[in-house]
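# Examining the three-dimensional arrangement
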Amino acid sequence: MSLLLRNRGAILLLMINIFLIFTGVGLVIPIMPTYMNELHINGSMVGLLVAAFSFSQLICSPIAGRLSDTWGRKKMIVSGMIIFAVSEWLFGIANDPTLLFAARMLGGIGAAFIMPAVMAYTADITSDEERGKGMGYINAAITTGFIIGPGIGGYIAEFGIRVPFYAAGIAAAIAAVITLLVLPESLTAEKRKATIAEASLTKQPNMFLQLIHSYRESYFLSLVIVFVMSFGLANYETVFGLFVDHKFGFTPKDIAFIITFGSIAGAVVQVSAFGWIVNTFGEKKVISWCLVFASLFVLLTLFVNQYWMILVVTFIVFLSIDILRPAISTQLSKIAHNQQGYVAGLNSAYSSLGNIAGPIVAGLLFDINIGFPYMAAAIVLFLCFILSRNTKKLDV
């Protein structure tokens, strides 16, 4: 019996945890206009509020990754779920911007605790041949949660504007208890000792120095692609609703269907076909072609003019990112060896950088011209494609 099949229960629980986290991240999107009116905050503050989550995640990710290597994956996952549950509850009771910022930053810390530990746990319980499939499962849960979170938030908000956050907090708390009781620790005592010994011989600098010095690593290009991928998707999603509303007059129902369709289709491909795709073509080819397809279809969004065309173009953009994300994670996990948590932490940190920069840039460019955000995203993605095709550093 394969390792992945033997540990399918653990993978399922990891998927549930990471899905809840990224669903909680997206809940805020459809509710923020009402919060703006209730708390009398302006658009620029909303932008900072969105960035606050990713900023705190960025600060904590490398530290959390190292802790998962020495403290254990399970403890980090349970701690992160509890922190995230508290953050959702705080956001639900908030009556002023200060508490909102505190809640979102606390949520970012919880996500930073969980994401590297989940990625490292998956690497622990899969073989090299099954690594791509395992990462595909986890990233399917991430993508699905992140994209359908706004739709779930908008639906639950019909019962009360703060209900979605209370619901997310309760779900995260329940998941934390189940994880504590059911999930076994994947980091064996022998691996932990080896990791601690290796860490003592190679002392890591602080997070800022880790990011600055990461250009020296053999996997630096992979980290750059993580940033570009996150930047492009966050850029695309941030203004998508505004773009189709301004240009086509799409209703919220139209927008919700497009996003949900793309999310579900991408998740199905990740779960069912990603392992075969990456084993057949290799990470380098998969990464390069996903970048060029994402670039091309982001740009095509500016030229299509019918609903079904928007549906197809958006589906391909989401699908490209959905395949690209686990391909990068798989590649990094194969390079990491005994530093799974540390490298996964850098992966999360670069993702956070993209999630901070993407919405900020998209918002600024959208105010100038509604097409500029997609032009910028397409250019960045295509430049990264050229870079990936002209380097050997992507080879594992």
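Residues numbered from 1 in each chain as written. Predicted model: local features only at pLDDT ≥ 70, side-chain atom pairs only at ≥ 80, totals over all residues. Heavy atoms only, no water.

Per an unreviewed UniProt entry, the protein chain goes by the name Multidrug resistance protein and belongs to Paenibacillus nuruki.

A few words now on the overall build of the protein chain. Across its full length, the protein chain carries 15 helices and 0 strands. For the protein chain, buried positions account for 55% of its 396 residues. Across the protein chain, the fraction of contacts at a sequence separation of at least 24, relative to all contacts at a separation of at least 6, is 86%. For the protein chain, the accessible surface area stands at approximately 16,500 Å², while carbon and sulfur atoms represent 71% of it. (Helix = DSSP H or I, 4+ residues; strand = E, 2+ residues; numbered from the N terminus. Buried < 20%, exposed > 50% of the residue type's maximum accessible area, 1.4 Å probe, protein only. Contact = heavy atoms within 4.5 Å. Areas by Shrake-Rupley, 256 points an atom, 1.4 Å probe, with all protein chains shown as cover.)

Applying the stated rule across the entire model yields 2 cavities of 30 Å³ or more. Along its surface, the largest cavity is lined by 10 residues, and Met-119, Ser-329, Ser-333, Ala-344 and Asn-347 are the ones closest to its centre. Only helix 5 (97-124), helix 13 (307-336) and helix 14 (340-368) provide two or more residues apiece to the lining of the largest cavity. In terms of residue count, the dominant contributor to the lining of the largest cavity is helix 14 (4 residues). By residue class, the composition of the lining of the largest cavity is 6 nonpolar, 4 polar and no charged. Both of domain 1 (1-204) and domain 2 (205-395) provide at least three residues apiece to the lining of the largest cavity. For the second largest cavity, the calculated volume is near 50 Å³. Elements represented by at least two residues in the lining of the second largest cavity include exactly helix 5, helix 10 (220-248), helix 13 and helix 14. If one sorts the elements of the lining of the second largest cavity by residue count, helix 10 sits on top with 3 residues. (1 Å grid on protein atoms, 1.4 Å probe; cavity = no way out; pocket = protein on both sides within 12 Å on 5 of 7 lines; lining within 4 Å. Points joined across faces, edges and corners; volume = space filled by probe spheres on them. Nonpolar A, V, L, I, M, F, W, Y, C, P; charged D, E, K, R; others polar. Domains from an automatic or database assignment.)

A word on the confidence of the model for the protein chain. For the protein chain, the mean per-residue pLDDT works out to 79, and 85% of the residues sit at or above 70. Per-element mean pLDDT across the protein chain ranges from 64 in helix 8 (residues 189-201) up to 93 in helix 4 (residues 73-93). Below a pLDDT of 50 lies the segment residues 392-396, which in the model reaches 14 contacts outside its immediate sequence neighbourhood of four places, other chains included. (pLDDT = per-residue confidence, 0-100.)

Time to look at the pattern of salt bridges. A full pass over the atoms with the stated rule returns 2 salt bridges. Here Arg-73 and Asp-69 are joined by a salt bridge, their closest N and O atoms 2.8 Å apart. Here the two residues Arg-73 and Asp-69 agree in accessibility, since each one is buried. Between Arg-73 and Asp-124 there is a salt bridge, with the nearest N and O atoms lying 2.8 Å from each other. (Salt bridge = Lys/Arg side-chain N within 4 Å of Asp/Glu carboxyl O.)

Moving on: a nonpolar patch on the surface. Where nonpolar side chains cluster on the molecular surface, the patch consists of Ile-170, Ile-174, Val-177, Ile-178, Leu-180, Leu-181 and Val-182 and spans about 690 Å² of accessible area. Tracing the sequence through the fold places Leu-181 in helix 7 (residues 163-182). On the basis of relative accessible area, Leu-181 is assigned to the exposed category, the value being 68%. (Patch = residues over 30% accessible without salt bridge, like charges linked within 9 Å, V, L, I, M, F, W, Y side chains within 5 Å.)

Looking now at the packing of aromatic side chains. For the coordinates displayed, the defined rule picks out 6 aromatic pairs. On the numbers, 6.0 Å between centres and 90° between planes, the contact of Trp-276 with Phe-281 is edge-to-face. On the numbers, 5.6 Å between centres and 40° between planes, the contact of Phe-382 with Phe-385 is tilted. Here Phe-382 pairs with Phe-385, and both are found in helix 15 (residues 372-389), just 3 residues apart, close to one helical turn. Classification of Phe-382 as partly exposed rests on a relative accessible area of 37%. Clustering of aromatic rings is evident, with ring pairs tying together Trp-289, Phe-382 and Phe-385. Sitting over the ring of Phe-91, Arg-104 keeps its end group 5.5 Å from the ring centre. (Phe/Tyr/Trp six-rings, centres within 6.5 Å; stacked < 30°, edge-to-face > 60°. Lys NZ or Arg CZ within 6 Å of the ring centre and 35° of its normal.)

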